[in-house]
Amino acid sequence: HAKESGRNTYRFFTEQMNANALERLQIENHLRLALDRGELLLHYQPQVDLTSGEIVGAEALIRWQSDTLGFVPPGRFIPIAEESGLIVPIGRWVLRQACLHARAWQLAGHQNVGVAVNISPLQFRRDDIVATVREVLRDTGLPAALLELEITESLIMQHAESALETMQNLKALGVRLSIDDFGTGYSSLSYLKRFAVDRLKIDQSFVRDIAEDPDDAAIVRAIIQMGKSLKLDVVAEGAEARAQVDFLVREGCRTAQGYFFCPPVTFDVFSRVMQTGMHVRAEDFRQPPALR
Ligand code: C2E
Ligand code: MG
Ligand code: MG
Ligand code: MG
C-alpha cells in the first residue's frame, strides 16, 4: 500500500513538473512572437514629488496581452524571457518605446517628466547596453537626464567588477541609475557610493506595513536617512494607503509611487493624468500631519 501511494505521489510530482515545464515552454514560444505581433505594450506609473505633489516621472512597466494565452503578468514571463534570452530584444524595444513616449511628453510641455526603465540582469550583461542606450537617446532625441535605468542589488553584487564598469559608462552618457527593490538584496553602502547610483527605490514589501509594523517602519526610516547622508534620492514603492504616505512625508521621503496616487496606466491615460492631475490632491498630504 505504501509503495502504491509512493508511486502516486511520484506521479503527481512528475505530472506537476511536466505541467510547469509545458507552461514555461508555451509562454516562451508565444513570447517569441509577441514583439512582431504587437502584443506588448508599456504602462506608466506616475512618480510623485511628496513636497510639491507634482508628477516628476513615470516608471515604464511592460504588459503582454497574448492572443492565445490572454493577459500574462510580467512576474510570469519576465523570468522566462530572462532565461531564454528573449529579454534582450524585448528589453531593447522597451527602452526605445519608453524614450519615444517620454520625448512626446516633453514635446507636449512636460519638460521635466522623466521615465524609468527596468533593466534585467541579462540585458545589462549580455547586450551591449551602453551602445543601445546611446543609440536610443540619439534616435529619440530624449535628453539623457530624463532617462533612468532601474537595476537590482543582486545584479551589482553578483558581477561587481563588470557591473561597475557598465554603470560608469552609462553614467557617462548622462542617464540616471536607481536600485530597484532596495532592501531585499545584500548591497553594501560602500558599493552604492562607488557605483555612482542616483536613487534607491524602497521595496514595496517594506512600505506595505510601515504604519503597523515597527520593524518595517525602522527599516524604511533607516533607508531614508541613509539616502540623505549619501545624497541619494529615495523613492518609496507601493504606497497604497494614506497612512503610508503620511509616514513617508513625516520621515522626509522625497518621492513615491503606488496605487494611492495612481496605478500603472496606458500612455494615453498617463498623458491625461499629467494634464488634469491625479484624483489625490497635493494639498491633502503635502504637510506632515504634525505640522497641520
Ligand atoms: P518593479 O520594477 O519593482 O515594479 C513595481 C511593481 O509594483 C509593478 O508590478 C507595479 O505595477 C506594482 N505596483 C505599483 N504600485 C503598487 C501598489 O501600490 N501596490 C502594489 N501591491 N503593487 C504596486 P508589475 O507591473 O506587475 O511588474 C512586476 C515586475 O516585473 C517589476 O517589478 C519588474 O521587476 C518587472 N518588469 C516590469 N516591466 C518590466 C520591463 O519592461 N523590463 C524588465 N526587465 N522587467 C520588468
Ligand atoms: Mg522597477
Ligand atoms: Mg520594485
Ligand atoms: Mg521587482
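Up top you'll find the structure we're talking about.
Note that this is a predicted model, so its numbers are computed, not measured.

Cut-offs applied
- Residues numbered from 1 in each chain as written.
- Chains lettered and ligands numbered in written order.
- Predicted model: local features only at pLDDT ≥ 70, side-chain atom pairs only at ≥ 80, totals over all residues.
- Heavy atoms only, no water.
- Donors = N, O, S within 2.8 Å, 3.2 Å for Na, K, Ca; no water.
- Helix = DSSP H or I, 4+ residues; strand = E, 2+ residues; numbered from the N terminus.
- Buried < 20%, exposed > 50% of the residue type's maximum accessible area, 1.4 Å probe, protein only.
- Core = buried A, V, L, I, M, F, W, Y, C linked by side-chain atoms within 4.5 Å.
- Contact = heavy atoms within 4.5 Å.

**Topic: the coordination of the magnesium ion (ligand 2)**
Working step 1: Each protein donor to the magnesium ion (ligand 2) is listed here as Glu59 (OE), Asn118 (OD1), Glu150 (OE) and Asp180 (OD); together their distances run 2.0 to 2.3 Å.
Working step 2: Mapping the donors of the magnesium ion (ligand 2) onto the primary sequence gives the spacing E-x58-N-x31-E-x29-D.
Working step 3: Here the magnesium ion (ligand 2) and the magnesium ion (ligand 3) are spaced 4.2 Å apart, and both take Asp180 as a donor. With Asn118 in strand S4 (residues 114-118) and Glu150 in strand S5 (residues 147-152), this pair connects stretches of sequence that are 32 residues apart.
Working step 4: Relative accessible area serves as the criterion here: at 28%, Asn118 is assigned to the partly exposed category.

**Quick word on the environment of Leu100**
Working step 1: Mapped onto the elements of the fold, Leu100 is located in helix H3 (residues 87-107).
Working step 2: For Leu100, a relative accessible area of 44% corresponds to the partly exposed category.
Working step 3: C-alpha separation for the pair Leu100 and Met226, spaced 126 residues apart in sequence, amounts to 34 Å.

**Things to note about the nonpolar core**
Working step 1: Membership of the largest hydrophobic core comes to 86 residues, with the highest contact counts inside it found for Leu147, Leu149, Leu248 and Phe261.
Working step 2: Among the elements that make up this core, the one with the highest residue count is H3 (nine residues).
Working step 3: Each residue touching Leu147, except ones within four places of it in the same chain, is listed here: Leu95, Cys99, Val115, Val117, Val133, Leu137, Leu142, Val175 and Arg176.

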